[in-house]
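Next come the chains, spelled out residue by residue.
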Amino acid sequence: MSSKSKNNKSANTSRGITLRLLLICAALLAPALAAAFTIGGDGADMTPGGLEFAYTVGTRGRGDGQFLEPVGVVLDGDVLYVVDSKNGRVQRFSENGLYKSAIAHFGWESSGVINPCGIAIDTGAYIYISDRDRNLVHQFDNTGNYLKSLGDSGSIDSILSRPAGIAVDKVGNLWVCDVDNNALKMFDTSGEATRVIGGFGWDLGKLSHPTDVAINSEGYIYVADTGNSRVEVFDRFGNAVGDFGKGAAEDDNLNTPTALDIDTYGNVFVADTGNDRIVAYTAEGEMLLKMGYFGSKPKRFNHPSGIACSDDGYLYVSDTYNNIVKVFKIKYGSAE
């Protein structure tokens, strides 16, 4: 046998061993990744099987407790925050919908907002509000006093263009959907962007006009990738691990989703804005329920674009063009 043949045989053997090792590693790693996405619970069936209409918050108008195109919603304990976009403010309500107070105001000065969109609460200490038209995220204390803004200074990565949905992780980093830059950016507590995810595209790991973000208890990052009509999932290091929203049936496809949130058990609720409905998924992207279509009745929507889950099993939805927030009881383990 020639030296060349021996070398080829040796190379083929080495490649075969390497391939088998890679397959073994993949087989060992796959269960670990799957386990990280397993929905928790106490042994009961904590799969959402339906949404029961409970009550509404607000009416159309400019007065206290009224809205003009409400968008982002978030809960901080028993306080509901609603971004009242066209009135240039955020309003606070008790959990059962009674008006409490307002923070922020319309204006171009440092503390003012023009077109507020997203909202996030940092362990009750700080309130963050994104302002699309000013390309800023404002920080307030929990009594509503303005502290500072970010998005217009620092490194090039720290510059924002029409920011939308925002979220705060366990260690206080602020995640911002930088819509026109097709990116998700992480700002540290100093206000500097230290991580950028995405960039324009439709492949896994790319984004197109992302508008909301939510982080589960294990640090996985869920992004409403609006321009791609999907939800994309990243691990805590920013690596894309999957996406969902393209169903086997055409009616299961998302259409420009703009908001999402995660309940206590890891289920992902999505405001499927283009379809005027709410859709729920497992953490891995298996569809669990879908509810709603165009209209103004309790289980119909007109451009839903804000969503929040409470710890006690309620779902709050900003029904934007109906100028109201609708509240539903999540029925776990039952069919609608």
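Residues numbered from 1 in each chain as written. Predicted model: local features only at pLDDT ≥ 70, side-chain atom pairs only at ≥ 80, totals over all residues. Heavy atoms only, no water.

Re the overall build of the chain
Point 1. Across its full length, the chain holds 1 helix and 26 strands.
Point 2. Sorting the 336 residues of the chain into buried and exposed places 51% on the buried side.
Point 3. The contacts in the chain between residues at least 6 apart in sequence include a share of 46% that link residues at least 24 apart.
Point 4. In the form shown here, the chain has an accessible surface area of approximately 15100 Å², with 52% of it arising from carbon and sulfur atoms. (Helix = DSSP H or I, 4+ residues; strand = E, 2+ residues; numbered from the N terminus. Buried < 20%, exposed > 50% of the residue type's maximum accessible area, 1.4 Å probe, protein only. Contact = heavy atoms within 4.5 Å. Areas by Shrake-Rupley, 256 points an atom, 1.4 Å probe, with all protein chains shown as cover.)

Things to note about the pattern of salt bridges
Point 1. Under the counting rule described, the total for this entry stands at 11 salt bridges.
Point 2. Between R162 and D133 there is a salt bridge, and its shortest N-O distance comes to 3.0 Å. Here the residue R162 occupies a position in the loop between β11 (146-150) and β12 (163-168), and D133 occupies one in the loop between β9 (126-131) and β10 (136-141), the gap between them amounting to 29 residues.
Point 3. Classification of R162 as partly exposed rests on a relative accessible area of 32%.
Point 4. Between D252 and K290 there is a salt bridge, and its shortest N-O distance comes to 2.6 Å. Of the two residues, D252 is situated in the loop between β19 (240-244) and β20 (259-262) and K290 in strand β23 (residues 287-291); the sequence distance between them amounts to 38 residues. (Salt bridge = Lys/Arg side-chain N within 4 Å of Asp/Glu carboxyl O.)

So, the confidence of the model for the chain
Point 1. Summing up the model confidence of the chain, the mean pLDDT is 88 and the portion of residues at 70 or higher is 86%.
Point 2. Contacts for the low-pLDDT stretch residues 1-43, under 50 throughout, to residues beyond four places or in other chains number 19 contacts. (pLDDT = per-residue confidence, 0-100.)

Points about the sheet that holds strand β15 (residues 193-198)
Point 1. Spatially, 4 strands are ordered β12-β13-β14-β15 in an open sheet, and the strand pairing comes out antiparallel. Each edge of the sheet is formed by a strand with only one pairing partner; in this case those strands are β12 and β15. Averaged over all neighbouring strand pairs, the angle between strand axes comes to 20 degrees, with direction disregarded.
Point 2. Pairing geometry for strand β13 (residues 174-178) and strand β14 (residues 183-187), over 5 bridges, is antiparallel. Bridge pairing in β14 links L174 to F187. (Pairing = 2+ DSSP bridges. Axes fitted to C-alpha atoms, helices over the stretch in contact; angles between N-to-C directions.)

What to know about the sheet that holds strand β8 (residues 116-122)
Strand-to-strand pairing in sheets goes through backbone hydrogen bonds, with the strands running parallel or antiparallel.
Point 1. With antiparallel pairing, 4 strands are arranged side by side in an open sheet as β8-β9-β10-β11. At either margin of the open sheet sits one strand with a lone partner, and together these are β8 and β11. When strand polarity is set aside, the average angle formed by the axes of neighbouring strands in this sheet is 20 degrees.
Point 2. In terms of strand pairing, β10 meets β11 through 4 bridges, oriented antiparallel. Residue pairing for β11: F140 is matched across the bridge by Y146.

A word on the side chain of S208
Point 1. As for its position among the elements, S208 is in the loop between β15 and β16 (210-215).
Point 2. On the basis of relative accessibility, which here comes to 7%, the residue S208 falls in the buried class.
Point 3. Setting aside residues up to four positions removed in sequence, S208 forms contacts with N182, F200, G201, D225, T226, G227 and N228.

Points about the packing of aromatic side chains
Point 1. Going through the model one piece at a time under the given rule, you end up with 9 aromatic pairs.
Point 2. Sitting over the face of the ring of F301, K326 holds its NZ or CZ atom 5.3 Å from the ring centroid. (Phe/Tyr/Trp six-rings, centres within 6.5 Å; stacked < 30°, edge-to-face > 60°. Lys NZ or Arg CZ within 6 Å of the ring centre and 35° of its normal.)

Digging into unusual backbone geometry
Point 1. Its identity as a non-glycine residue notwithstanding, N182 has a phi of 55 degrees, on the positive side.
Point 2. Note on placement: N182 falls in the loop between β13 and β14.
Point 3. In this structure, H303 takes a positive phi of about 65 degrees despite not being glycine.
Point 4. Note that H303 resides in the loop between β23 and β24 (304-309).

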